[in-house]
Amino acid sequence: MAEHRLAGLSAPTLSDIEELATQAFADLPESFRALCGEVVITVADFPASDVQKEMKAGPFDLLGLFQGVGLAQDGATPETGRMPNMVFLYRRAILDYWAEHEETLGAIVTHVLVHEIGHHFGLSDDDMYAIEDLTP
């Protein structure tokens, strides 16, 4: 019996999504990346339970999340004890979205990454789509 062409495939791992996110970030316009500074990109399977509770969201409702101080609020927040700005990408929700849509996994990761970083800069959705249009 011939093996089905998908039989050897497995779901992309946290590391795979992290690699896609790293490449997506590298592909963003240099001027945009330069403004990002020390933002930390983290991939997790699901949002933490306290995040789900605070956002009133289930484990598959959030594809990503920005946590930190946006540039608009940066001067009003003391530096002491402040955690770095972080973008979380949630693998399982991203894979669920991917399974239901015709977009590539890389395009979805790029979209979520740009959207969450866009929150850091206070960008509009139109601004974020324009940045996505500049990425390969």
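Residues numbered from 1 in each chain as written. Predicted model: local features only at pLDDT ≥ 70, side-chain atom pairs only at ≥ 80, totals over all residues. Heavy atoms only, no water.

Engineer: Can you lay out the overall build of the protein chain for me, pointing to particular residues and giving the numbers?
Structural biologist: Across its full length, the protein chain carries 6 helices and 3 strands. Mapped in sequence order, the helices and strands of the protein chain form the string α-α-β-α-β-β-α-α-α. By the burial criterion, 35% of the 136 residues in the protein chain qualify as buried. In the protein chain, the share of contacts with a sequence separation of at least 24, taken over all contacts with a separation of at least 6, comes to 68%. Just so you have it, the protein chain exposes about 8700 Å², and 53% of that area is on carbon and sulfur atoms. (Helix = DSSP H or I, 4+ residues; strand = E, 2+ residues; numbered from the N terminus. Buried < 20%, exposed > 50% of the residue type's maximum accessible area, 1.4 Å probe, protein only. Contact = heavy atoms within 4.5 Å. Areas by Shrake-Rupley, 256 points an atom, 1.4 Å probe, with all protein chains shown as cover.)

Engineer: Tell me about the nonpolar core, and please be specific about residues and values.
Structural biologist: Of all hydrophobic cores here, the largest spans 24 residues; its most connected members are F32, C36, V87, L89, V109 and I117. When residues of this core are traced back to their parent elements, those giving at least two are α1 (14–27), α2 (30–36), β3 (86–90), α4 (91–100), α5 (105–121) and α6 (125–133). Among the elements that make up this core, the one with the highest residue count is α5 (8 residues). If you look at the next biggest cluster of nonpolar residues, it comprises 7 residues, including L62, M86, F88 and Y90. (Core = buried A, V, L, I, M, F, W, Y, C linked by side-chain atoms within 4.5 Å.)

Engineer: Explain α5 residue by residue, including any values.
Structural biologist: Taking 1.5 Å per residue, 17 residues should reach 24 Å; α5 reaches 24 Å between its end C-alpha atoms and fits that length. Counting buried positions along α5 yields 12 of 17 residues, so the element is predominantly enclosed. Among all positions in α5, only L105, I108, V109, T110, V112, L113, V114, E116, I117, G118, H120 and F121 are buried. The first or second residue beyond α5 is G122, which carries a positive phi of 70°. (Expected span 1.5 Å × (residues − 1).)

Engineer: Residues and numbers for unusual backbone geometry, please.
Structural biologist: Unlike most non-glycine residues, K56 shows phi in positive territory, near 55°. Within the element layout of this structure, K56 appears in the loop between α3 (49–55) and β2 (64–67).

Read these as geometric descriptors, not functional statements.
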